[in-house]
Amino acid sequence: MADFFLHPNGICESPSVGPRTRIWAFAHVLPGARIGADCNICDGVFVENDVVVGDRVTVKCGVQLWDGVSLEDDVFVGPNATFTNDPRPRSRQRPAAFSRTIVRRGASIGANATILPGLEIGQQAMVGAGAVVTHSVPPFAIAVGNPARIVGYVGSEAPEADKRPPAVEAPPAAGAVGVGAAALYDLPLVKDLRGNLSVGEFERGVPFQPKRYFLVFDVPSKEVRGEHAHKRCDQFLICVRGSCAVVVDDGTHRRQLTLDRPNLGLHIPAGVWGIQYKYSADAVLLVFASDYYDPGDYIRSYPEFQRWLGEQGQ
């Protein structure tokens, strides 16, 4: 006897359904589908053969999970969200293979959102209601709109009392942000009728001696850069013109900070994940790096970053 619940008006042809899962009225699960434990498959859901659903997944009414869709553990899919699996569909023309779409663990997809084929929705990401997702969504990102754009990161918001005051004339003073050893620096600001000046001294105001620098500019205001960590290299960021938002993440804590004046610097040490986005149209971001460019020093996926932290005993 099956150890999952099947409504009398539901159809489940699959032998691979985990315990305590509930399949409700007018849902239809085809034979090849695999569904984990403690899931809730609501009214009117259709699940095709080449579909994998993890544990504790909720799929609300009116959703179709087509061949090639995988939902990892603890995913939420809102009512009438639409998955697609063929970038160039034609009637009665089946492709040799359907695109793979993966929704990573803990992610949420809002009602009526549309997910284009072949994308990945990162762990704990949130896709807003009605969003049209045309590119993969990074871990923890909040994506809304048509086309969907990143407007924030889950758990990165700073409390109101923690927002920094306007620029003041003061000597450098480091301020920890609660994410690893990352810290904000107020660099000296000298105001003059002829123009203002800000200065930083390496290994004093800037906490290391840099071996290279790079500038980021002319970035479309809604695009995302960064999305990586370094194993050995430290970075020091100054938005010398305009503004941008920076997310720092040590695998346990996550904060979003705004760089919006040329005498405010952010130290991102090795072993901290960094993201930059919400660039203003005139933004120019100056980055000092403690080491020469080494592609082997980069950690470019968040799951890899988590594994690396585990190997370091963090």
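Definitions and limits used
Residues numbered from 1 in each chain as written. Predicted model: local features only at pLDDT ≥ 70, side-chain atom pairs only at ≥ 80, totals over all residues. Heavy atoms only, no water. Helix = DSSP H or I, 4+ residues; strand = E, 2+ residues; numbered from the N terminus. Buried < 20%, exposed > 50% of the residue type's maximum accessible area, 1.4 Å probe, protein only. Contact = heavy atoms within 4.5 Å. Areas by Shrake-Rupley, 256 points an atom, 1.4 Å probe, with all protein chains shown as cover. Lys, Arg positive; Asp, Glu negative; His and termini not counted. Charge placed at Lys NZ, Arg CZ, Asp CG, Glu CD. 1 Å grid on protein atoms, 1.4 Å probe; cavity = no way out; pocket = protein on both sides within 12 Å on 5 of 7 lines; lining within 4 Å. Points joined across faces, edges and corners; volume = space filled by probe spheres on them. Nonpolar A, V, L, I, M, F, W, Y, C, P; charged D, E, K, R; others polar. Pairing = 2+ DSSP bridges. Core = buried A, V, L, I, M, F, W, Y, C linked by side-chain atoms within 4.5 Å. Patch = residues over 30% accessible without salt bridge, like charges linked within 9 Å, V, L, I, M, F, W, Y side chains within 5 Å. Salt bridge = Lys/Arg side-chain N within 4 Å of Asp/Glu carboxyl O. pLDDT = per-residue confidence, 0-100.

Let us look at the overall build of the protein. Of regular secondary structure, the protein possesses one helix and 35 strands. For the protein, the spread of C-alpha atoms along the three principal axes comes to 80 × 40 × 40 Å. Taken over 314 residues, the protein has a buried fraction of 45%. When contacts within the protein are restricted to residue pairs at least 6 apart in sequence, those whose partners lie at least 24 apart make up 45%. Carbon and sulfur atoms provide 52% of the accessible area of the protein, an area that totals close to 15700 Å². If the 31 positive side-chain charges of the protein are averaged to one point and the 34 negative ones to another, these points end up 3 Å apart.

Rolling a probe over the atoms, with the probe sized like a water molecule, indicates the empty space that remains. Per the stated rule, a full pass over the model turns up one cavity of 30 Å³ or more. Here the largest cavity defines a volume of roughly 60 Å³. Every residue lining the largest cavity is listed: Pro138, Pro139, Phe140, Tyr153, Glu227, Asp249, Arg254, Trp273, Ile275 and Tyr302. The class makeup of the residues in the lining of the largest cavity is seven nonpolar, no polar and three charged.

The next subject is the pairing of strand β30 (residues 244–249). Here β30 lies mainly inside the structure; six of its six residues are buried. Burial along β30 is two-sided: the face carrying Cys244, Val246 and Val248 and the face carrying Ala245, Val247 and Asp249 are both buried. As defined by bridge partners, β30 adjoins strand β31 (residues 254–259) across six bridges and the pair is classed as antiparallel. When the bridges of β31 are listed, Asp249 appears paired with Arg254. The hairpin turn running from β30 into β31, its antiparallel successor, is four residues long, and Gly251 in that turn takes a positive phi close to 90°.

For a regular strand, side-chain orientation follows a simple rule: the groups alternate between the two sheet faces. Along strand β32 (residues 264–268), five of the five residues are buried, which leaves the element largely enclosed by surrounding structure. The two faces of β32 match: Leu264, Leu266 and Ile268 on one face and Gly265 and His267 on the other face are all buried. As paired elements, strand β24 (residues 183–186) and β32 share four bridges and run antiparallel to each other. Bridging across to β32, Asp186 finds its partner in Leu264.

In this section: the nonpolar core. Grouped together as the largest cluster of nonpolar side chains are 53 residues, with contacts concentrated most on Leu65, Leu71, Phe83 and Ile121. Put simply, the parts of the chain that give this core at least two residues each are β12 (69–71), β21 (141–144), β22 (149–153), β30, β33 (273–277) and α1 (302–311). Broken down by element, this core gets its largest block of residues, four residues, from α1. Those residues within four positions of Leu71 in sequence are excluded, and the remaining contacts are Val52, Val53, Gly54, Val57, Val59, Leu65, Val77, Phe83 and Val103.

This brings us to a nonpolar patch on the surface. Taken together, the side chains of Val190, Leu197 and Val199 make up a nonpolar region of the molecular surface, amounting to roughly 250 Å² of accessible area. Tracing the chain through its elements places Val190 in strand β25 (residues 189–190).

Our focus in this paragraph is the pattern of salt bridges. Using the criterion set out here, one finds twelve salt bridges in the structure. Among the ionic pairs, Asp50 bridges to Arg100, the shortest N-O distance being 2.6 Å. One end of the pair, Asp50, is in the loop between β8 (46–47) and β9 (52–53); the other, Arg100, is in the loop between β14 (82–83) and β15 (101–103), and 50 residues separate them in sequence.

Moving on, we come to the confidence of the model for the protein. Chain-level statistics for the protein give a pLDDT mean of 90 and a share of 93% at 70 or above. Per-residue pLDDT stays below 50 along residues 159–173; that stretch engages in 23 contacts with residues further than four places along the chain or on separate chains.

At the junction of Asn146 and Pro147, the peptide bond is cis and its omega measures out at -5° in the coordinates. Position of Pro147 relative to the elements: it lies in the loop between β21 and β22. Of note in this structure, Asp218 is not a glycine but carries a positive phi near 55°. Here Asp218 shows up in the loop between β27 (212–217) and β28 (225–230).

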